[in-house]
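So you can see what is in the structure, the chains are spelled out below.
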Amino acid sequence: MRLSCKTVLFMACGLFLAASGPASAADVLFAQVASVSNPASTENTKGLTTGIQAYFSSVNAKGGINGNKLKLEVSDDDLQGPKMVELTRQIIGNPSVVGLVSFLNTAGLTALVKDNAFGKGGIAMIAPYQGDKTIVDAENVFPLRSGYATEIDALLKEAKTWGKDTISIVNMNIAFGPSLAELAAKRATEMGIKVVSRSVIDFSPDTQAASVAAAVKSVVVARPKAILVLAAGTPSSEFIKAVRDVPEGMIQIYAMSVLQHSELIAAAGVGKSRGIVESQATPYPFSSNKAAITEYQAAMKTYSPKAAFSFASLEGFMAGKIAAEAVRRAGANPSRERVLAALKNLGEYNLGGISVNYTPQARKGWGGVELTIINASGNLNK
């Protein structure tokens, strides 16, 4: 069966578009749905897919697993929930796909989980780019990254430690934005931090500028000691750029891992980005203090030498490693059913100083949070 959609394939030599084709007998096929065409997800998608491909390439270069080569097929949903659902149904209908990996789209994942698509399809969802508990706890979902609630708690605790006892919350109006704003407001109150204003950035290009201006005005009037930004892509960078343009906006900003700092630097500049604290739902990829990081850096230099190290590509690399381990444990003839069974009984799996733990009773990802700060050179320091 051929997938009817166009796929985005990230290979070690670069990025290109191609129509998806059937896997050969020696291919073990995984599928990803994520968007490079939507600016809110472009950088994260590129990173995730590059990391997966780097790990798969490293395995394939050694002969694959039991003679089988790992293959990734990526479909672009333009970050539209219904499109992700449509593409996923087509993918699940293709029996040659043994598993799903690193999906990115909160609305789409929410709809798929509500329909129990992974349970009904008898297929594993490995390491979705998602921190919502409802999604990562769903049937046949095997998480890697920390949850959004864990990130928000870490940021609010950091703010409280530094005396930032009044905050403004700014969120985008799509994906995780609305639900995380509610969660952040609740957790802030519980920690004794007063929320003095809340603003929403409209993702639509027609109304985004007006909503950014309104959010900046709200912050200026509220005079918080810090701002918590719950947005990604252009909504986050446009707001940060605008708020830094006013004297009252030169206050501490906290942001979540979904904000790509390189994208922010490109849009707002180093001066306006410096000092922003970001939570990270995966380990720090820029220094080799863990075996998994050393392995990741070596694979990236070999199979994707033009790509910079990033949290997203490290996350994709580790997702690829989990997928490959499931194939290895599935035996000589890996199938969708055998890969799923292998993951359910994976137990504690050490990726190289970073562990996940999947059992029939519970599926736990890494669970940690790293706090980073953008320095004067535009890089992230721990």
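Residues numbered from 1 in each chain as written. Predicted model: local features only at pLDDT ≥ 70, side-chain atom pairs only at ≥ 80, totals over all residues. Heavy atoms only, no water.

**Remarks on the nonpolar core**
Here's step 1: Grouped together as the largest cluster of nonpolar side chains are 55 residues, with contacts concentrated most on Leu156, Ile167, Ile227, Leu228, Leu230, Phe239 and Met256.
Here's step 2: Sorting the residues of this core by element identifies helix 6 (148-161), strand 8 (166-172), helix 7 (177-190), helix 8 (208-222), strand 10 (226-230), helix 9 (233-243), strand 11 (252-255) and helix 10 (261-268) as the ones contributing at least two each.
Here's step 3: Each residue touching Phe239, except ones within four places of it in the same chain, is listed here: Val170, Ile201, Val212, Ala215, Val216, Val219, Ile227 and Val229.
Here's step 4: Counting 43 residues, the second largest nonpolar core, distinct from the first, contains Leu70, Val74, Leu340 and Ala342. (Core = buried A, V, L, I, M, F, W, Y, C linked by side-chain atoms within 4.5 Å. Buried < 20%, exposed > 50% of the residue type's maximum accessible area, 1.4 Å probe, protein only. Helix = DSSP H or I, 4+ residues; strand = E, 2+ residues; numbered from the N terminus. Contact = heavy atoms within 4.5 Å.)

**Considerations on helix 2 (residues 81-92)**
Here's step 1: Over its 12 residues, helix 2 runs 16 Å from end to end, which matches the ideal 16 Å to within 8%, given 1.5 Å per residue.
Here's step 2: Among the residues of helix 2, those classed as buried are Gly81, Met84, Val85, Leu87, Thr88, Gln90, Ile91 and Ile92. (Expected span 1.5 Å × (residues − 1).)

**Description of empty space enclosed by the protein**
Here's step 1: Within this structure, the stated rule accounts for one cavity of 30 Å³ or more.
Here's step 2: The space that makes up the largest cavity amounts to roughly 40 Å³.
Here's step 3: In this structure, the largest cavity is lined by Leu155, Leu156, Ala159, Ile167, Ala226, Ile227, Leu228 and Tyr254.
Here's step 4: For the lining of the largest cavity, the elements supplying multiple residues, two or more each, are helix 6 and strand 10.
Here's step 5: Broken down by class, the residue content of the lining of the largest cavity amounts to eight nonpolar, no polar and no charged. (1 Å grid on protein atoms, 1.4 Å probe; cavity = no way out; pocket = protein on both sides within 12 Å on 5 of 7 lines; lining within 4 Å. Points joined across faces, edges and corners; volume = space filled by probe spheres on them. Nonpolar A, V, L, I, M, F, W, Y, C, P; charged D, E, K, R; others polar.)

**A few points about the pairing of strand 16 (residues 370-374)**
Here's step 1: Judged by which residues are buried, strand 16 turns out to be one-sided: Glu370, Thr372 and Ile374 face inward and are buried, whereas Leu371 and Ile373, on the alternate face, are not.
Here's step 2: The pairing of strand 12 (residues 277-280) with strand 16 spans four bridges and is antiparallel. Counterpart to Gln280 in the pairing with strand 16 is Glu370.
Here's step 3: For strand 16 and strand 17 (residues 380-381), the ladder comprises two bridges, and the chain directions are antiparallel. Of the residues in strand 17, the one forming a bridge with Ile374 is Leu380. (Pairing = 2+ DSSP bridges.)

**Let's talk about the packing of aromatic side chains**
Here's step 1: Scanning all chains against the criterion turns up nine aromatic pairs.
Here's step 2: Measuring from ring centre to ring centre gives 5.9 Å for Phe30 and Phe56, while their planes differ by 50 degrees; the resulting arrangement is tilted. Taken as a pair, Phe30 in strand 3 (residues 27-33) and Phe56 in helix 1 (residues 42-60) lie far apart in primary sequence, 26 residues in all. Phe56 carries the same exposure label as Phe30, and that label is buried.
Here's step 3: Judged by centre distance (5.1 Å) and plane angle (75 degrees), the ring pair of Tyr284 and Phe286 falls under edge-to-face.
Here's step 4: A connected cluster of aromatic rings, assembled from ring pairs, spans Tyr55, Tyr296, Phe309 and Phe317.
Here's step 5: Across from the ring centre of Tyr129, 4.0 Å away, lies the NZ or CZ of Arg145, which sits over that ring.
Here's step 6: The residue whose ring lies beneath Arg363 is Phe142, and the NZ or CZ to ring-centre distance is 5.9 Å. (Phe/Tyr/Trp six-rings, centres within 6.5 Å; stacked < 30°, edge-to-face > 60°. Lys NZ or Arg CZ within 6 Å of the ring centre and 35° of its normal.)

**Here's the deal with the layout of surface pockets**
Here's step 1: Within this model, the second largest pocket holds a volume of roughly 390 Å³.
Here's step 2: Of all the secondary-structure elements, those providing two or more residues to the lining of the second largest pocket are helix 5 (133-136), helix 6, helix 7 and strand 15 (363-364).
Here's step 3: For the lining of the second largest pocket, the residue count by class is seven nonpolar, eight polar and six charged.

**Overview of the sheet that holds strand 8**
Here's step 1: Pairing in this open sheet of seven strands is mixed, and the strands run 9-8-10-11-12-16-17 from one edge to the other. The open sheet has two free edges, formed respectively by strand 9 (194-201) and strand 17, since each of these has just one partner strand.
Here's step 2: Lying over the sheet, helix 9 contacts strand 8, strand 9, strand 10 and strand 11, oriented at roughly 160 degrees with respect to strand 10. (Axes fitted to C-alpha atoms, helices over the stretch in contact; angles between N-to-C directions.)

**Some remarks on the confidence of the model for the protein chain**
Here's step 1: Mean pLDDT for the protein chain: 91, with 93% of residues reaching 70 or above.
Here's step 2: Considering only residues more than four positions removed or in separate chains, one finds that residues 1-25, a stretch of pLDDT under 50, has 62 contacts. (pLDDT = per-residue confidence, 0-100.)

**Observations regarding the sheet that holds strand 13 (residues 347-350)**
Here's step 1: Reading across the sheet, the three strands line up as 13-14-15 and stay open at both edges, with antiparallel pairing between neighbours. Each edge of the sheet is formed by a strand with only one pairing partner; in this case those strands are strand 13 and strand 15.
Here's step 2: Taken together, the four bridges between strand 13 and strand 14 (residues 355-358) define a ladder with antiparallel strand orientation. Each bridged residue has a counterpart across the sheet, and for Tyr349 the counterpart in strand 14 is Val356.
Here's step 3: Across the sheet, helix 13 (residues 311-330) lies against strand 13 and strand 14, angled at about 120 degrees from strand 13, the strand it touches most.

**Focus: the environment of Ala299**
Here's step 1: Here Ala299 is to be found in helix 12 (residues 291-303).
Here's step 2: A relative accessible area of 7% places Ala299 in the buried class.
Here's step 3: Taking the C-alpha atoms as reference points, Ala299 and Phe317, 18 residues apart in sequence, are found 8.9 Å from one another.
Here's step 4: Residues within four places of Ala299 in sequence aside, it is in contact with Ala54, Ser304 and Phe317.

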